[in-house]
Amino acid sequence: MHTAAVVGTGLIGTSIALALTARGVTTHLIDRDPDRLRIAAARGAGTPEPPSAPVDIAVIAVPPSSTARTLADHQKAELARVYTDVASVKALPQAECLALGCDTTTLVGGHPLAGRERSGPLAARAELFQDHHWVLTPSPDTSESALNRALELVSLCGAVPVLLDPPDHDRAVALVSHLPHLMATLIAARLREGEEYAVRLAGRGMRDATRVASGDAGLWADILAANATSLAPLLTELSADLATAAQALSRLSATDQAPEATADALADLTAVLHRGVEGRSRISPPYDGPGALPHTVLSVTLGGRERPLARLLDDVDEARLELTGLELTDLELAGPAPADSGRPDTGATPTAADSVGLKVAPDVAHALTEALRNRGWTVR
């Protein structure tokens, strides 16, 4: 790949452009918003000048409701040899592309599963997609050369390709992305009417639960509407669980209830909570033992600063607020070197540690490494 065009210079489009430009691909930026275009170009994402000939690939990075029409317009203008998009809904844009007569042989639907709570080109990062899944949804008409070009794009952005049919993709993201975003937003909305003293008590749990609620409301309304068919049944199921929990708590708050009724209400509430524990365990099983997920150990040199371990853990906590999906699963404290190792005796106590091993999931290891290095730590 030598040339590319990115249509739409928001968070995702600009991040793709930054990644491609960093890999030596001449990238042309296109956006109807001149301010966003100017900012993306100033950040080094590419050139705002139009290409003089069809580029190797064009990435359509606009909201789902605009994807098909934007694609059709640029295909008609012969912007590229191959086209892909980043819409987080696939079935509806694909159907609209067919209705508009788009050339599906050169089209590969796409969706990088990465993002941030902030939007726009200023929030973009070249490493945004590193080790994240990137779904591709080629149609039966998609040519092998077009699919290979899309796979090359994913590789250049450092992501992991996953091939799915559009309906399977939409059901999956409704469960793991769209429903959580909507729930985070609804929880955050409760804070609008909360007492000031109550809001001031909000800690990491509330911040983590509502982090994505800061996203662009207009864009997310477009996304949720486009995936209504897959999302609505999940909301119905969730509503049933919420009703069960609400009824149980109402019964538990009653003062004139028989002990047996109280026990039944507590059992209903506990069952709802248990199902949550079981569901959560499917995405975060233990990192040790048979069948465990792999983990990466980052070795951080503590040095001789006062309270270095406490400062490191504080910095890890701060990084958690910035990074998506970062969970520290364990610590490994490496003691001082033995006397015969050739290293000087520092007089450290047996419980002191020269370095700390941070166990994290592989897909966040790179981002955490960079975050800690930016804070002055030596990480291997």
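Please refer to the structure placed before this passage.
This write-up is about the structure you can find in this document. None of these values were measured; they are calculated from a predicted model.

### Topic: the overall build of the protein
- For the protein, the count of helices and strands is 13 helices and eleven strands.
- The 380 residues of the protein split such that 37% are buried.
- Long-range pairs, those at least 24 residues apart, make up 71% of the contacts in the protein between residues at least 6 apart in sequence.
- Summed over all atoms, the accessible surface of the protein reaches about 20400 Å², with 56% contributed by carbon and sulfur.

### What to know about the packing of helix α6 (residues 166-190) against helix α9 (residues 217-226)
- The N-to-C vectors of α6 and α9 enclose an angle of 130 degrees; their axes lie 11 Å apart at closest approach. When the axis of α6 is compared with that of α9, the two are oblique. Helix-helix and strand crossings are classified by hand; for α6 and α9 the assignment is left-handed. Residues Ser-177, His-178, His-181 and Leu-182 of α6 lie in contact with α9, whose contacting residues are Trp-220, Ile-223 and Leu-224.
- Grouping the constituent residues of the contact of α6 with α9 by class yields four nonpolar, three polar and no charged.

### Concerning the pattern of salt bridges
- Scanning the model with the defined rule gives 14 salt bridges in all.
- One salt bridge connects Asp-168 with Arg-171, and the closest N-O pair in it is separated by 2.3 Å. Within this pair, Asp-168 and its partner Arg-171 are both found in helix α6, separated by three residues, close to a single helical turn.
- Taking relative accessible area as the criterion, Asp-168 reaches 33% and is therefore assigned partly exposed.
- The class of Arg-171 is partly exposed, set by a relative accessible area of 47%.

### Considering the environment of Ser-250
- Structurally, Ser-250 is set in helix α10 (residues 228-253).
- Separated by 15 residues in the primary sequence, Ser-250 and Ala-265 have C-alpha atoms spaced 8.7 Å apart.

### Some thoughts on the environment of Ala-271
- Within the secondary structure layout, Ala-271 lies in helix α11 (residues 259-281).
- Here the alpha-carbon distance between Ala-271 and Thr-244, two residues 27 residues apart in the chain, equals 9.8 Å.

### Let's talk about the packing of aromatic side chains
- Evaluated as defined, the whole model comprises one aromatic pair.
- With centroids separated by 5.2 Å and ring planes inclined at 50 degrees, the aromatic side chains of Phe-129 and Trp-134 adopt a geometry described as tilted.
- The exposure class of Trp-134 is buried, given its relative accessible area of 1%.

### A few points about the nonpolar core
- Grouped together as the largest cluster of nonpolar side chains are 35 residues, with contacts concentrated most on Ile-16, Leu-20, Phe-129, Trp-134 and Leu-153.
- At the level of elements, β1 (3-7), α1 (11-22), α2 (34-42), β3 (57-60), β6 (133-138) and α5 (144-156) are the ones that each hand at least two residues to this core.
- One finds Ala-371, Leu-372, Trp-377 and Val-379 within the second-largest nonpolar core, a separate group that totals 17 residues.

### Brief notes about the packing of α6 against α10
- At a closest axis distance of 9 Å, the pairing of α6 and α10 adopts a crossing angle of 55 degrees. Regarding the angle of α6 to α10, the classification is oblique. In the crossing of α6 with α10, the sense of the turn from one axis to the other is right-handed. Of the residues in α10, those touching α6 at Asp-170, Arg-171, Ala-174, Leu-175, His-178, Leu-179, Leu-182 and Met-183 are Ser-230, Leu-231, Leu-234, Leu-235 and Leu-238.
- Across the contact of α6 with α10, the residue classes break down as nine nonpolar, two polar and two charged.

### Looking at unusual backbone geometry
- Residues other than glycine seldom take positive phi values, yet Glu-78 does so here, at roughly 55 degrees.
- With respect to the helices and strands, the residue Glu-78 is situated in the loop between α3 (64-76) and β4 (83-85).
- For Asp-131, which is not glycine, the phi dihedral falls at a positive 65 degrees.
- With respect to the helices, strands and loops of the structure, Asp-131 is situated in the loop between β5 (107-112) and β6.

Definitions and cut-offs
- Sequence order as written defines the numbering, with residues in each chain counted from 1.
- Under the rules for a predicted model, residues below a pLDDT of 70 receive no local features and side-chain atom pairs below 80 are neither given nor counted, while totals for whole chains, interfaces and linings still include all residues.
- Side-chain measures were taken over the full set of non-hydrogen atoms in the model, leaving aside hydrogen atoms and water.
- Note on conventions: DSSP H or I runs of at least 4 residues are helices, E runs of at least 2 residues are strands, and numbering of each starts at the N terminus.
- Relative accessibility thresholds used throughout: buried, under 20% of the residue-type maximum; exposed, over 50%; partly exposed, between the two (1.4 Å probe, protein chains only).
- Any two residues whose heavy atoms approach within 4.5 Å at even a single point are treated as in contact.
- Shrake-Rupley sampling with a 1.4 Å probe provides the accessible areas, and residues are treated as covered by the protein chains on show and by no other component.
- A fitted line through C-alpha atoms represents every axis, and for helices the fit uses only the stretch in contact; the resulting angles, taken between N-to-C directions, go from 0 to 180 degrees.
- In this scheme, roughly parallel covers angles under 35 degrees and roughly antiparallel covers those over 145, while 65 to 115 is roughly perpendicular and the rest are oblique.
- Crossing handedness follows the turn of the near helix against the far one: under a right angle anticlockwise gives a left-handed crossing, and clockwise gives a right-handed one.
- Ten residues, namely Ala, Val, Leu, Ile, Met, Phe, Trp, Tyr, Cys and Pro, are considered nonpolar, four, namely Asp, Glu, Lys and Arg, are considered charged, and the remaining ones, Gly among them, are considered polar.
- The term salt bridge refers to a side-chain nitrogen of Lys or Arg lying within 4 Å of a carboxyl oxygen of Asp or Glu.
- Under the pairing criterion, centres of Phe, Tyr and Trp rings, with the six-membered ring standing for Trp, must be within 6.5 Å; the plane angle then separates stacked pairs below 30 degrees from edge-to-face pairs above 60, leaving the rest tilted.
- Note on terminology: a nonpolar core comprises buried Ala, Val, Leu, Ile, Met, Phe, Trp, Tyr and Cys residues joined through side-chain atoms within 4.5 Å.

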